[in-house]
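Below, each chain spelled out in residue letters.
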Amino acid sequence: MSLAPGYRLIDVAPSRVGEVLRVASWAFADELKDEDLPHWEIMTPASRMLGVEIDDASRGTVGTLAGVAATFRFGMRVPGGAEVPVAGLTGVGVHTGHRRRGLLTAMMAAHLEDARRRGEVASALYAAETSIYQRFGYGLASWQATVRVPRGAGLRPVPGSEDLLVAIEPVDPARHGPVISSVQARLTRPGSMTLADPEALAARFADPSVRHQSEPLRMLTVTTPDGDPRAFAMLRRRSAWGDDALPDGVVTTQELAALDAAAAHRLWSVLLDIDLMGTVTADPLALDDPLLHLLEDPRSARARVFDNLWLRLVDLPAALEARTYAADVDTVLEVDDPLVPDNTGRWHLTVDGGDARVAAAPEAAPDVRLGIADLGAAYLGGTSLAALASAGRVIARDAAALELASAAFGAAVAPVCNLHF
Ligand SMILES: CC(=O)SCCNC(=O)CCNC(=O)[C@H](O)C(C)(C)COP(=O)(O)OP(=O)(O)OC[C@H]1O[C@@H](n2cnc3c(N)ncnc32)[C@H](O)[C@@H]1OP(=O)(O)O
């Protein structure tokens, strides 16, 4: 869909962040309260916004924003432990009065071009509706569990948990920013994001009232006795009382992470034992999150599964060479990418002793044919090529070629992005 006449695509100056938020609040049907404005601003990467504006002669207005989008710069962990630069698309919205005139399409083309120019190998997002972004080459790269665990649920013991120290405090960006950065930087799970970009780190601390009817954000930290942060959870409590006068409050974590089994155990033993609370809700957790293996009764997690990261490879050879593979492989992928033609074509992927090489191979016979969205889905090892083939999305030369490629793209643990953006 091309941009309707009268609209123009622009880079939006940071000083216009208030206008951007007003368009987004129209698009998301939110009420933008004055007192929440500073929080929404913290949540918006103002240094990197684009938009579509229009002049309205009948009203005498010039340059009114009608569509907006913004981008964080993240480092994303990929299988094997490398960190790749990734564009984290957020706050996409088209004013309700301007929808379906090609504004999003124009902004997506500009976003992908911008990411390529900056050397980001992929673009990642959380989708408001899952049908929106596949047409732009995004694939479903990770699933997440949302859990609701009853207070007091039993955990299997983990040695070392008791030695760790715990603090619960009001969130404080100066004190807790380094804690979050330090833990995020050491997570090894594919899809984890590191927070070198100050705007991406600051966004963790936004706390608009529309997001909760509960206390302000609190920070739970787990550290070694010498002060090394090993886990954190940002959380809120909401008090509630049952009909029978029993306390039945809810703890909601905004995001949480733990670096090892002892830290996960300590974190969850605190979360599951907060006075007056009846339930802990937490997401986004990986489908193999340690909690599910720590619980004596895993079903008590009452997990529901949702899509997590949608991933779009921007620089195919750089992305494929950055990760490691579960097995050596020698395969030719034929990839179709209508929006980024440089990615289109046949690519020879050879993995030898863990070292991946990717070379254009226009003459080679393809082993596996797929669209760029499906390659994005498979990239973190969370969606198998075999599963995509079973849905007719990936076409392989034969069963053996599919099995080899699918096994190579696997990962030791399920990917997840544990940060909302
Ligand atoms: C990463 C994030 O920030 S996710 C947040 C996304 N934002 C929202 O959901 C807020 C509410 N919705 C909106 O603001 C707008 O409807 C948007 C941004 C989803 C779409 O913007 P528009 O300018 O209307 O999209 P545009 O006109 O470019 O449409 C492009 C194509 O996508 C399709 N499309 C657009 N929105 C949707 C949708 N919600 N579901 C399914 N298809 C959609 C259009 O039909 C069109 O298809 P076509 O090319 O086959 O005709």
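Quick caveat, the model's predicted, so the values are computed rather than measured. (Residues numbered from 1 in each chain as written. Predicted model: local features only at pLDDT ≥ 70, side-chain atom pairs only at ≥ 80, totals over all residues. Heavy atoms only, no water.)

## Here we look at the site of the ligand
In the neighbourhood of the ligand, 24 residues make up the surrounding shell, with V92, V94, R100, G102 and T105 lying closest. Within the backbone of R101, one N or O atom sits 3.3 Å away from an oxygen atom of the ligand. In this structure, R135 approaches the ligand through a side-chain N or O atom, which is 3.0 Å from an oxygen atom. Alone, the ligand offers 950 Å² of accessible surface; in the complex the protein occludes 80% of this. Of all the elements in the fold, those that place two or more residues in the shell around the ligand are β4 (83–94) and α3 (103–117). Considering every element that reaches the shell around the ligand, the biggest residue donor is β4, with 6 residues. Tallied by class, the residues present in the shell around the ligand amount to 13 nonpolar, 6 polar and 5 charged. (Near = heavy atom within 4 Å. Polar contact = N/O pair within 3.5 Å; in protein donor to acceptor, adjacent residues only side chain to side chain. Areas by Shrake-Rupley, 256 points an atom, 1.4 Å probe, with all protein chains shown as cover. Helix = DSSP H or I, 4+ residues; strand = E, 2+ residues; numbered from the N terminus. Nonpolar A, V, L, I, M, F, W, Y, C, P; charged D, E, K, R; others polar.)

## Here's the deal with the domain arrangement of the protein
One can read the domain layout of the protein as domain 1 (7–142), domain 2 (145–171 + 207–305) and domain 3 (316–408). Counting residues at the interface gives 7 residues for domain 1, matched by 6 residues for domain 2. Buried surface at the junction of domain 1 and domain 2, both sides included, amounts to about 550 Å², of which 57% is carbon and sulfur. Of all residues in domain 1, D36, H39 and W40 give up the largest surface area on contact with domain 2, accounting jointly for 59% of the area buried on that side. Applying the counting criterion to the domain 1 and domain 2 interface returns 0 salt bridges. Counting across the domain 1 and domain 2 interface gives 1 residue pair in polar contact (both at pLDDT 80 or more). Partitioned by chemical class, the residues of the side of domain 1 that touches domain 2 number 3 nonpolar, 1 polar and 3 charged. (Domains from an automatic or database assignment. Contact = heavy atoms within 4.5 Å. Buried area = accessible area lost by both parts, 1.4 Å probe. Salt bridge = Lys/Arg side-chain N within 4 Å of Asp/Glu carboxyl O.)

## Focus: the sheet that holds strand β7 (residues 143–150)
Picture the strands of a sheet paired through backbone hydrogen bonds; they go either parallel or antiparallel. Here we have 7 strands laid out as an open sheet, ordered β8-β10-β11-β12-β13-β7-β14, and mixed in their pairing. The open sheet terminates on both sides in strands that have one partner only, identified here as β8 (165–170) and β14 (304–307). Between one strand axis and the next, the sheet turns by 25° as a mean value, whatever way the strands run. Pairing between strand β12 (residues 249–258) and strand β13 (residues 277–285): 4 bridges, direction parallel. Note that in β13 the partner of V251 across the bridge is V280. Along the sheet face, helix α4 (residues 173–186) touches β8, β10 (218–223), β11 (229–238) and β12 and points at about 120° away from the line of β11. Where helix α6 (residues 261–271) meets the sheet, it contacts β7, β8, β10, β11, β12 and β13, and its direction lies at approximately 165° from that of β12. (Pairing = 2+ DSSP bridges. Axes fitted to C-alpha atoms, helices over the stretch in contact; angles between N-to-C directions.)

## Regarding the UniProt feature "active site" (unreviewed entry) in the protein
This chain's UniProt record puts "active site" (unreviewed entry) on Y133 and F421. As for its position among the elements, Y133 is in the loop between β5 (122–125) and β6 (139–140). A relative accessible area of 6% means that Y133 is categorised as buried. When neighbours within four sequence positions are excluded, Y133 is seen to be in contact with L89, V92, M108, L125, A127 and Y138. When you line up the elements, F421 lands in the segment after α11 (399–408). With relative accessibility at 15%, the residue F421 sits in the buried group. For F421, the contacting residues outside a window of four places in its chain are F72, F74, G88, L89, T90, A124, L125, Y126, M193, R204 and L309. (UniProt positions renumbered as here; feature names shortened; annotations may be inferred. Buried < 20%, exposed > 50% of the residue type's maximum accessible area, 1.4 Å probe, protein only.)

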